[in-house]
Amino acid sequence: MFRPHPLGAGETQILSRCCVSQVALKPAQNAAQPVARRQLSDATIVRLFILPTIILLILMNIFPLIYSLFISFTEYSVISDVPPVWVGLQNYQRILSDPTFWHSFAVTGRFALLSVALQTVVGFGLALLLRSKFTGSGLITTLILVPMMLSPIVVATFWKLIFNPSYGILNPLLGFTNINTSPEWLGDPNLALWAIVIVDVWMWSPFVMLLCLAGLSAIPDYLYEAASIDRANWWFQFRRITLPQVMPLLLIAVLFRTIEAFKQFDLVMGLTGGGPGDVTETVSVQLYQLAFQGQFNTGMSSALAYIVLVVIIAISNLYIRALNRARGG
Amino acid sequence: MKKFSLLLALMAVLALMTGVSVRAQDVTELTIWWAEWDPANYLDQLVDDYTAETGITVNVVQTPWGSYFDRVAAEWAAQGTAFDMVVGDSQWIGQAVTQGHYIDLTEFMNSNGITETVTPATLQYYGEYPAGSGSYYAYPTEGDANGWAYRKDLFENADEMAAFEAAYGYPLAVPTTWAQLRDIAEFFTREDEGLYGVGIYTQIDYDAITMGFQNVFFSYGGDWYDETFNALGVANTPDTVAALELYRELYNFAPPGTNNAFFAEMNDLFINGQAAMIMNYFAFFPALANPSINPFSEQTGYFSMPEGPTGLRYAALGGQGTSVNNYISDERKQASLDFLLWFAQEDVQLKWAQLGGYTCNIAVLESDEFLAVAPFNAAFAETMTFVKDFSNIPEFGTLLEIVQRNLHAYVVGGEGDAAATMDAIAAEMDGVLVEAGYISE
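Residues numbered from 1 in each chain as written. Chains lettered and ligands numbered in written order. Predicted model: local features only at pLDDT ≥ 70, side-chain atom pairs only at ≥ 80, totals over all residues. Heavy atoms only, no water.

(A) Summary view of the pattern of salt bridges. Per the stated rule, a full pass over the model turns up 15 salt bridges over all chains. Here Glu435(B) ties to Arg94(A) by a salt bridge, and the two come within 2.7 Å at their closest N and O atoms. Within this pair, whereas Glu435(B) is found in helix 19 (residues 418–435), its partner Arg94(A) is found in helix 4 (residues 90–97), the two belonging to separate chains. Asp200(A) is the salt-bridge partner of Arg257(A), the closest N and O atoms lying 3.7 Å from each other. Here Arg257(A), found in helix 11 (residues 234–262), pairs with Asp200(A), found in helix 9 (residues 192–217); they are 57 residues apart in sequence, far enough to count as distant. When its relative accessible area of 3% is taken as the criterion, Arg257(A) is described as buried. Residue classification places Asp200(A) among the buried positions, given a relative accessible area of 0%. Linked through salt bridges whose partners overlap, the residues forming this network are Arg182(B), Asp183(B), Glu186(B) and Glu249(B). (Salt bridge = Lys/Arg side-chain N within 4 Å of Asp/Glu carboxyl O. Helix = DSSP H or I, 4+ residues; strand = E, 2+ residues; numbered from the N terminus. Buried < 20%, exposed > 50% of the residue type's maximum accessible area, 1.4 Å probe, protein only.)

(B) Spatial organisation of the sheet that holds strand 10 (residues 320–324) of chain B. Residues and elements named next belong to chain B. Across the sheet, 5 strands lie side by side as 2-1-3-10-4; this open sheet has mixed pairing. A single partner strand is all that each edge strand has here, and the edge strands are strand 2 (57–63) and strand 4 (139–142). Shown here is a sheet whose adjacent strand axes are inclined to one another by a mean of 30 degrees, direction ignored. Relative to strand 10, strand 4 runs antiparallel, the two sharing 3 bridges. When the bridges of strand 10 are listed, Pro140 appears paired with Gly321. In the packing of helix 2 (residues 38–54) onto the sheet, contacts are made with strand 1 (29–35), strand 2 and strand 4, and the angle to strand 2 comes to roughly 170 degrees. Running over the sheet, helix 13 (residues 330–343) touches strand 1, strand 2, strand 3 (85–89), strand 4 and strand 10 and is turned about 65 degrees from strand 1. (Pairing = 2+ DSSP bridges. Axes fitted to C-alpha atoms, helices over the stretch in contact; angles between N-to-C directions. Contact = heavy atoms within 4.5 Å.)

(C) Representation of the nonpolar core. Trp148(B), Trp224(B), Met277(B) and Phe339(B) are the most contacted members of the largest nonpolar core, which has 153 residues in total. Residue assignment places this core across two domains, with domain 1 (28–143 + 318–388) and domain 2 (146–316 + 395–435) of chain B each supplying three or more. With near-sequence residues (within four places) excluded, Met277(B) lies in contact with Trp148(B), Ala149(B), Tyr150(B), Phe155(B), Leu181(B), Ile184(B), Ala185(B), Gly197(B), Val198(B), Gly199(B) and Phe303(B). Ranked by size, the runner-up nonpolar core spans 39 residues in total, among them Phe101(A), Met203(A), Val283(A) and Ile312(A). (Core = buried A, V, L, I, M, F, W, Y, C linked by side-chain atoms within 4.5 Å. Domains from an automatic or database assignment.)

(D) The domain arrangement of chain B, seen in detail. All names here are of chain B. Each assigned domain of chain B is listed here: domain 1 (28–143 + 318–388) and domain 2 (146–316 + 395–435). Measuring from the centre of the C-alpha atoms in domain 1 to the corresponding centre in domain 2 gives 28 Å. At the junction of the two partners, domain 1 supplies 16 residues and domain 2 supplies 24 residues. Summed over both partners, the interface of domain 1 with domain 2 comes to about 1800 Å²; 65% of that surface belongs to carbon and sulfur atoms. Together, Gln91, Phe386 and Lys388 form the three largest contributors to the area buried by domain 1 at its contact with domain 2, with a combined 40%. At the surface where domain 1 touches domain 2, the tally comes to 2 salt bridges. Among the salt bridges present, the one from Lys388 reaches Asp223, with a minimum N-O distance of 3.1 Å. (Buried area = accessible area lost by both parts, 1.4 Å probe.)

(E) Inspection of the interface of chain A and chain B at higher detail. At the junction of the two partners, chain A supplies 33 residues and chain B supplies 35 residues. Interface of chain A and chain B: buried area, both sides summed, is about 2600 Å²; carbon and sulfur atoms make up 47% of it. Summed over the shared surface of chain A and chain B, the number is 7 residue pairs in polar contact (both at pLDDT 80 or more). Taken together, the residues of the side of chain A that touches chain B break down into 13 nonpolar, 14 polar and 6 charged. (Polar contact = N/O pair within 3.5 Å; in protein donor to acceptor, adjacent residues only side chain to side chain. Nonpolar A, V, L, I, M, F, W, Y, C, P; charged D, E, K, R; others polar.)

(F) Fine view of the confidence of the model for chain A. Residues of chain A with pLDDT of at least 70 account for 88%, and the chain-wide mean is 87. Considering only residues more than four positions removed or in separate chains, one finds that residues 1–29 of chain A, a stretch of pLDDT under 50, has 3 contacts. (pLDDT = per-residue confidence, 0-100.)

(G) Geometry of the sheet that holds strand 7 (residues 275–281) of chain B. Residue and element names in this part refer to chain B. With mixed pairing, the 4 strands of this open sheet are ordered in space as 6-7-5-8. The open sheet is flanked by strand 6 (196–199) and strand 8 (300–303), the only strands paired with a single partner. Taken over all neighbouring pairs, the strand axes of this sheet differ in orientation by 20 degrees on average, direction set aside. Bridging between strand 6 and strand 7 involves 3 bridges; their strand directions are parallel. Bridge assignment links Val198 to a residue of strand 7, and that residue is Met277.

(H) Up close: unusual backbone geometry. All names here are of chain A. Cis geometry is adopted by the peptide bond preceding Pro276, which originates at Gly275 and carries an omega value of -5 degrees. Position of Pro276 relative to the elements: it lies in the loop between helix 12 (266–271) and helix 13 (283–291). Backbone geometry at Arg231 places phi at a positive 60 degrees, although glycine is not the residue there. Among the structural elements, Arg231 can be located in the loop between helix 10 (221–229) and helix 11. With phi around 50 degrees, Phe296 is a residue other than glycine that occupies positive phi space. Topologically, Phe296 is positioned in the loop between helix 13 and helix 14 (298–328).

Given below as structure tokens:
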């Protein structure tokens, strides 16, 4: 551990003399400096460095955030030359009393639950498998990480081909060789959401795996050694050592994935477009339709965006509390 | 203070001089915005002639279809002058006119006789707003509508013809009614051979399934709402329910996996030999006539939409009209009108058609030269006399979303039945129209 080296008495004297002499020299040096430079204090220089970032933050984040909050209380279309008309809570009332919005929230919740749960299981499982080093484990880990590096639209496009009942590879792999009885993954209301979940799990389980691997590698070996000496079985070690030690990182992974799942848009648009009907219409897809796609209902879509924001903040808070408990316990 | 006054005076003089120079300056270039596709490339070639004649450069700026409306809408919102003319979708016109983005072309088109040169349907749907008002805001530029491509080698095969006649009691030929089209689709659906009867639009994203269904819907006497904007009892009639049932049946004769299909998928199905017939916009048929793309190009025939049970015949309209930006200067507006006047000439329209553009000019459409340019031009010329569009009121986006969602749920998802679907569409549309103030509750 780093400890500061205590100064000896002699060193203190030298330092004192040096500083005193510097202070004594200061007025003469200042007089020699140009006037403009002397006026820039350290605080001013700091402010000057920070100012562009602050301005950028205000222009790109704070102002749009506050302005969109204002817009959410108005009737307004961004493509109209009519200024926003204040309607109070009307947009929020309409959204919360419209069954189609509740339906899209339910779809989003179902998707998030299924997808994040499976990603956690698969990601954690992969991490346990790749925990011990073996020949080629580095290469395998890298290959497993490839899906999350791809563009979601690219992923959706080729999974669409994989799911295709006429020539897709998935159905034959699952044993469905008769095209007439093969499941139509993206066209069947009972399968469409599962199809998106499968793709999301394929794409993002590596992310969970990566965080879990980091957590697993930080567990000291002596804990397992001590447990083995005490004849603790595998399940006991997993439950009492592995899981609690990985839990903080696992919860962070789950938090990130839940937030992303609630914002799910690109995979849905690329795979099903929200269909069949509105079976896979997530809140983000509905938000997109409301905000663009010929409707340009900016006021209402801003209100919906704020509702989504509140939901995500609420869920994040629950996770963070759980995270703090996991860390504390 | 004296220096400041002098500076102000100098700035005022400079501003005046600049203003004078702009007013005196002739327009040397014009900008047209259009979506990124082949017709825009053809227009880009055509305008070289205008440049040669007048010295005015015309820039055709293309934006991918997916973001085209967003880009134009953003420019409208900013009252921008990035374009002088825009080739806008037929559905935009209500919004653009009511919000003042397009200039009124009525006087210009009437006084120059342009209204007489284009087919009435294209003038109505691409140029007129409100419907029947006689007020025009766009010159019909790229006519387009749905038609059909079919495999002549299958239709003209002696064995197939005999088998069809034995099964259905009438000869196999290009269908003239929707009922015949359904029979032919059923006949050619042979799952074990990987051959299916039809390819139809099913995409949910924007307007595809609605456009595909409208071909049947309108021909069965359907309308989304009447002249008083009443949708209840208009969109959901026994005839429109029958139309939807037929469209659902056709989906059963389409290749598996076409649950979210639009123009690209239609051409793919045909080129892959999976479908005996496909519906598509005429603008996408040139690929099927190209032997390097379509192995069946020599055996590909084209036909217009069949008629409904009462003889009504409609094709869902695509295509666009050219409008002039209301926010540009008067000089630029005049220069844009001069360009439109040139573009509307018959010889220019003929060249436009020869390049591959789908003219709306009556004389050109009827000319032998046009009919000979491409194998599908005869079907196109016929189709342009019976086209019909979806709503073009400013609320069209909201109405469209209702139709898309409900149609897709029934046709692709198999949810509910046709009657319940049409009832739901009518009820939801009614809610939007009431809220928008078109009808009282």
